[in-house]
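Summary of the model geometry
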Amino acid sequence: MKTFAPTLSLLLLLTTLGQAQQRSQLEKDSLQKLGKYYFDKSEKAYFTSLDSSLYYTNLAQPYFEKAEDWENYVNCFTGAASIYSRMRNFERNEYYCKLAMENAEKYLDKKAAAYVYAKSNMALMNRQKSNYDRAIELYKEALRISEEKEDKTYIGALHLNIASAYWYKGDYDVSLDYFNKTLQLYQNGSKAQKNNITNVYSFIGKCYDAKNELDSALVYYQKSLDAIPEKMRSTAFGTRRQIIAYQYIAEVYLDKKEYESCNDYIARALRLQTGEQAYRLDASYNLLGKLSQEKKDYDSALANFQKSLDISKEEFKHYEKSREIALKLAAIAEMYDDKKDYTQAVNYYQEALIALAEGFDNRDPSVNPSTEQLLSRLEAMHFLQSKGAIYYKKYLKSQTTPDLLVANNCYQKAVQLIQLIRQSHLAEGSKQDLAENTASIYEGAITVALALHQSTNEAKYLEAAFALAESNKAILLLESINANTAKGFAGLPNDLLQKEQELKVDIAFYEQQLSQEQQRQADRNTDMIKTYEDRLFDLKQDYNQLIERFEQDYPAYHELKYNTTLASTDQIRQDLLQTQEALLEYFVGEEKAWLFVHTTTQLQVFELSSIEELPDAIAQLRSIIDTAPEGRDAAQDYRQFGALAHQLYRQLLQPAEGLLASGIQKLYIIPDHQLNYIPFEILLREAAPETVSYSPNKLAYLFEDFTISYDYSATLLRKNGLAKPSQASNNFIGFAPSFGNEVATAGVRSCDEEGLYSLRCSQNEVESILELVEGSPLLALQANKAAFKQEAKDYRILHLATHACINEQDPMLNRIYLADGFISNYELYNLQLNADLAVLSACNTGSGKLVRGEGVMSLSRGFIHAGCPSTLMSLWSVDDCATSTIMLGFYEQLSQGQPKDEAMHQARLNYLASADKSHRHPYYWAAFVQFGTPVAIDFQNGLPYWLALPLALLLLLGFSWWRKNS
């Protein structure tokens, strides 16, 4: 019995413990069921009564805690945060978001669904507070976890949320990538996801709307309406989706000034916004206000704007700062501005800025918040612009300098915000949209700076005006060149650099394939397009993550990449200009245009007149010079050319004639906007005589008196001028491909719908150049893509005598042809060349899509991006044999040590001296212009051969004399 007793006691103890564990588990199960009961009731009440939903969430939470059901425990905090978000009580929303995240970190594995939901809710809270970068970071973390778990139910929603954050940030191209990916996921997803496609279409429409592509926006808004299932149209969900679509469509028609259609769609929205469905009623009243304002019915406009503001204030009553309220206040400000009540206008813009700035409550409209205080840079940028414009209008009445100083401060802060927004954008397209949409800010800022210069006679304001003109010139090109340079100095590991290059090559390949497939007319392969889009999306995300890593982990890279310090007036004088040289920089705005002229002793500015006539005059002149004159009335052609070329001279250069007459012989021209389309060389300083002759001794061409070169900006010109010459081991390589047996007897070096033909003069062009400079010819089939990519990096001059063409839809598909295909801008942007000069002896190599501020997205730009500081490029489709003659003349001068601009100057004069009358028309000789640094090329890495040989003989004779007499 003694041996049995302990065993029995142990059994009794184990039984008791087991029963206790069972009771404990039963209690937990019971507690969990109670918690789930209340949580389910909370979810059901979420769309009908937020107060009830919150009540049941609070009841559920302690049961889950006692049951140690940590997933649902955390979900209660997340749910409460979501409820407070819908209540617009953002203080409580933030409190519960943080509680959810703290408990998720404490109790849950990072792959738990509740952990992902908590992180996503924290991201949403940051997005609502306009902390878009943090929101994107959190959403992406949640997405990575969901993808690892293959949680398809939530992956689509996370893509949608990331896309929305990028949209609010203004990075519309990246936003579109994510929205399109969401669309694809939802189309292949659950029934609920398919129902939500209508939401995705609306967002895609908003992207196109923001990019000012209004017709595309309308298409997607209509798709949003069509995607609402018929049986859901009368539900709360369907009604809300219809309201949103009607409002967005109304907004587009308002922008298009189609007021009847706008009013019709506002009315459709209002018919649905009754009772419990008074959803987004503030937006409808805001649209009615804008519509009334367009009709100058200010009383009605103000009444509707006030209704909209009151609704928003009630909705956001728990949130001290609000983007939505700021936008409503700005709408009222704009109305008062339109009404010319400038005092009320600036007061409301000040209220709008207060609503957007943390810790800023100063109602003095002459005081602005700091850039660090602003919640939304994009909206603040526009508010500051508008406030600056009003203070300038006040100055025009008051003529008092203090109004100008306030206006100047507003514009300077707006320009700072542009720079910050641009740096935060990932997509090149988004940065281009920003440049296009902010040109008016620079125009206003220059206007104010010049008014201050006139008012105070202080040189700093004139220099500030020039800096503003310069800061809207080719900044994206400068950033990309800086980024390439930064990689060599920032200590980036080779494996990361290799990965980046591989990603860039892959992205360029798939972008090119996708663009070509999308542009097919008849046999477009939609499955192939989807495959390309999928691959591109993944590659771009990998690339963006890598670049973000570069910028975060390698501060020197970030600093060098974004160091877009502009060339100052002193630097231009010291580093660029000689005594007989001048730099002419243009800025062409919507209402005003200026010419800034730098010499070694002074900076002057001239306002250009009648700029509304410029686009038409340039288009007419282009129509005369960019096609062969055969078949046209010669006398009429001549009269039109003479009148237009002299008119443009009077507009563009005559204001500075007195300054240029003081011994100036060389011009560096920085064109802007439409001015990129014309060669200044052909402008006529005097009216054309009656006699029909295009000869220089009959017409006073500008290029007869001045040597001319061009660049994207003074900063780029100076940067490249100070750079070391190419260290490539070889001088010249010429590419002259053939394209089959057929050789054209005459023709142009452009694309042809019937296919490419071999050029009669191109191979002779390269062979003749090789008699002047040492180098390598790649002719006929040897001039292929592989040879170009292999050999081009080792030569200081790249010469391509071939066909080229531009793509109107996608400038990255601009292409220059080799024997077995073409090199596009997609590929050029990923090459690293080491040339001093690229001679693009083909058609339209300087043509392409015009992006305001950035210039022409041409093949020439592609070569500059790849590392060529100078290009010789064509502005239209050029004649084959006339081009060869000019090119030979160019190299004759170049080989004698002439600077590139002077070499082209003499080549033109020599061509015209020998050309017959019919070939003196500017079409044949004016297309090619020299872009970039014009410095002479040292063919012997020291002295040109024509000087090196005599010196070598002298040295040899001297050495012989020394030996003889030593």
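Residues numbered from 1 in each chain as written. Predicted model: local features only at pLDDT ≥ 70, side-chain atom pairs only at ≥ 80, totals over all residues. Heavy atoms only, no water.

Our focus in this paragraph is the overall build of the protein chain. Helix and strand counts for the protein chain stand at 40 helices and 16 strands. The principal-axis extents of the C-alpha atoms in the protein chain amount to approximately 130 × 85 × 65 Å. Counting the 966 residues in the protein chain, one finds 55% classified as buried. Accessible surface computed for the protein chain: about 42,300 Å², of which carbon and sulfur atoms make up 48%. Computing the positive centroid from 99 side-chain charges and the negative centroid from 124, the protein chain places the two 6 Å apart. (Helix = DSSP H or I, 4+ residues; strand = E, 2+ residues; numbered from the N terminus. Buried < 20%, exposed > 50% of the residue type's maximum accessible area, 1.4 Å probe, protein only. Areas by Shrake-Rupley, 256 points an atom, 1.4 Å probe, with all protein chains shown as cover. Lys, Arg positive; Asp, Glu negative; His and termini not counted. Charge placed at Lys NZ, Arg CZ, Asp CG, Glu CD.)

We now examine a negative patch on the surface. Taken together, Glu147, Glu148, Asp538 and Asp542 make up a surface patch of like negative charges. For the negative patch, the secondary-structure elements that each account for two or more residues are helix H6 (132-149) and helix H25 (526-553). Here Asp538 is to be found in helix H25. (Patch = residues over 30% accessible without salt bridge, like charges linked within 9 Å, V, L, I, M, F, W, Y side chains within 5 Å. Salt bridge = Lys/Arg side-chain N within 4 Å of Asp/Glu carboxyl O.)

Packing of helix H18 (residues 377-398) against helix H21 (residues 439-456) leaves a shortest axis separation of 10 Å and a crossing angle of 35°. Crossing angle aside, the handedness with which H18 passes H21 is left-handed. Where H18 abuts H21, its residues Met381, Gln385, Tyr392 and Tyr395 lie against Ser440, Ile441, Thr447, Val448, Ala451 and Ser455. (Axes fitted to C-alpha atoms, helices over the stretch in contact; angles between N-to-C directions. Left-handed = near helix turned anticlockwise from the far one by under 90°. Contact = heavy atoms within 4.5 Å.)

A few words on helix H11 (residues 214-226). End to end, H11 covers 18 Å across 13 residues, agreeing with the expected 18 Å (1.5 Å per residue, within 8%). Listing the buried residues of H11 in full gives Leu214, Ala217, Leu218, Tyr220, Tyr221, Ser224 and Leu225. Packing partners of the buried residues in H11 comprise helix H10 (197-210) and helix H12 (236-255). (Expected span 1.5 Å × (residues − 1).)

Looking along a regular strand, one sees the side chains alternate between the two faces of the sheet. Counting buried residues in strand E16 (residues 928-932) gives five out of five residues, a clear majority hidden from the surface. Note that strand E15 (residues 870-874) and E16 share five bridges and pair antiparallel. In the sheet register, Leu872 faces E16, and the bridge partner there is Gln930. (Pairing = 2+ DSSP bridges.)

The next subject is the nonpolar core. Residues Phe179, Ile204, Met381, Phe383, Ile446, Leu583 and Phe596 are the most contacted members of the largest nonpolar core, which totals 165 residues. Residues within four places of Ile204 in sequence aside, it is in contact with Leu176, Phe179, Asn180, Leu183 and Tyr220. Listed in part, the 89 residues of the second largest apolar core include Val597, Ile669, Leu675 and Met887. (Core = buried A, V, L, I, M, F, W, Y, C linked by side-chain atoms within 4.5 Å.)

Bringing the state of the cysteines into the picture now. Under the definition given, this model contains one disulfide. Through a disulfide, Cys761 is tied to Cys881; the S-S separation comes to 1.9 Å. Every disulfide takes its handedness from the sign of the S-S torsion; for Cys761 and Cys881 that torsion is 70°, giving right-handed. Taken together, the residues Cys761 in the loop between strand E6 (730-736) and helix H33 (762-769) and Cys881 in helix H37 (residues 880-895) connect sequence positions 120 residues apart. Residue classification places Cys761 among the buried positions, given a relative accessible area of 13%. Cys97 takes part in no disulfide bond, and the closest cysteine sulfur, belonging to Cys76, lies 14 Å away. (Disulfide = S-S within 2.5 Å.)

Before going further, it helps to spend a moment on helix H20 (residues 428-437). Residues Ser430, Lys431, Gln432, Asp433, Leu434 and Ala435 constitute the buried set of H20. Looking at the buried side of H20, the elements it contacts are helix H8 (172-187), helix H19 (401-424), H21, helix H23 (475-486), strand E13 (849-851) and strand E14 (855-857).

Right, let's get into the confidence of the model for the protein chain. A residue-level look at the protein chain finds 92% of positions with pLDDT of 70 or above and a mean pLDDT of 87. Across residues 1-6, where pLDDT falls below 50, the model places zero contacts with residues more than four positions away in sequence or in other chains. Every residue in residues 10-14 scores below 50 in pLDDT, and together they form zero contacts with partners more than four places removed in sequence or on other chains. (pLDDT = per-residue confidence, 0-100.)

Bringing the pattern of salt bridges into the picture now. For side chains of opposite charge, pairing can occur when their charged atoms come near one another. Using the criterion set out here, one finds 40 salt bridges in the structure. Its salt-bridge partner being Lys257, residue Glu294 comes within 3.5 Å of it at the nearest N-O pair. Taken together, the residues span a long stretch of sequence, with Glu294 in helix H14 (residues 281-294) and Lys257 in the loop between H12 and helix H13 (259-272) at a distance of 37 residues. Among the ionic pairs, Arg861 bridges to Glu854, the shortest N-O distance being 2.7 Å. The class for Arg861 is buried, based on a relative accessible area of 2%. Where salt bridges share partners, they join Asp282, Arg323, Glu324, Lys328 and Glu379 into one cluster.

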